[in-house]
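Observations on the three-dimensional arrangement
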Amino acid sequence: VEVCRADARKCYEVFEHQLKQHQPSSQQKYILGTSSPSVLDAFLWSHLAEALGDVYLVTVLADFPNLAEYFQRFHDTYFALKDNDKYSNSTATMVEWKVWNHMENLRNPFQQLPQETSKNFSNEADFQNTI
């Protein structure tokens, strides 16, 4: 498990560095510095969604605030319920799905990634007790 966590940390460091390079420009908000997502963004977001539900990887991800912000921004852009959705031209089915999805996510204990990067967790139980 520790070897896998160390490998994941190395990968996350690369992505964290890449996101830091594009941070000053709001136009370049995706992993390759583009203004629209690429296939790499979709794969990375998918992995992060899985990793946030993994008791081992979520403790590693807590050390990478840019990745957490990237994940949240991607989610907010493509999946979150927005206040203006009820007034947009979206179909009723899409709005219903977004409401249902939002409510399901609120019940998910892994929805929020703690931003306690100053805290070092010695094991997963310490992390779970914090949340």
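Above this text is the structure in question.
Let me sum up the structure you'll find in this document. (Residues numbered from 1 in each chain as written. Predicted model: local features only at pLDDT ≥ 70, side-chain atom pairs only at ≥ 80, totals over all residues. Heavy atoms only, no water.)

**Here we look at the environment of arginine 5**
Mapping arginine 5 onto the fold places it in helix H1 (residues 2-22). Of the residues examined, arginine 5 reaches a relative accessible area of 15% and is grouped as buried. Along the primary structure arginine 5 and valine 58 are separated by 53 residues, whereas in three dimensions their C-alpha atoms are 9.9 Å apart. (Helix = DSSP H or I, 4+ residues; strand = E, 2+ residues; numbered from the N terminus. Buried < 20%, exposed > 50% of the residue type's maximum accessible area, 1.4 Å probe, protein only.)

**Overview of the nonpolar core**
In terms of nonpolar packing, the biggest core is built from 19 residues, with Tyr12, Leu44, Leu48, Leu61, Leu67 and Tyr70 touching the most fellow members. Of all the secondary-structure elements, those providing two or more residues to this core are H1, helix H2 (39-51), helix H3 (57-61) and helix H4 (65-78). Not counting residues within four places of it along the chain, the set of residues in contact with leucine 44 comprises Phe15, Ile31, Leu67 and Tyr70. (Core = buried A, V, L, I, M, F, W, Y, C linked by side-chain atoms within 4.5 Å. Contact = heavy atoms within 4.5 Å.)

**Observations regarding the pattern of salt bridges**
Counted by the stated rule, this structure contains three salt bridges. For the salt bridge of arginine 5 with glutamate 2, the shortest nitrogen-to-oxygen distance reads 4.0 Å. Of the two residues, arginine 5 and glutamate 2 both sit in helix H1, three residues apart, roughly one turn of that helix. When its relative accessible area of 56% is taken as the criterion, glutamate 2 is described as exposed. The shortest N-O distance in the salt bridge between aspartate 63 and arginine 9 comes to 3.0 Å. Note that aspartate 63 is positioned in the loop between H3 and H4 and arginine 9 in helix H1, a separation of 54 residues in sequence. Judged by relative accessible area, which is 29%, aspartate 63 ranks as partly exposed. Residue classification places arginine 9 among the partly exposed residues on the basis of a relative accessible area of 28%. (Salt bridge = Lys/Arg side-chain N within 4 Å of Asp/Glu carboxyl O.)

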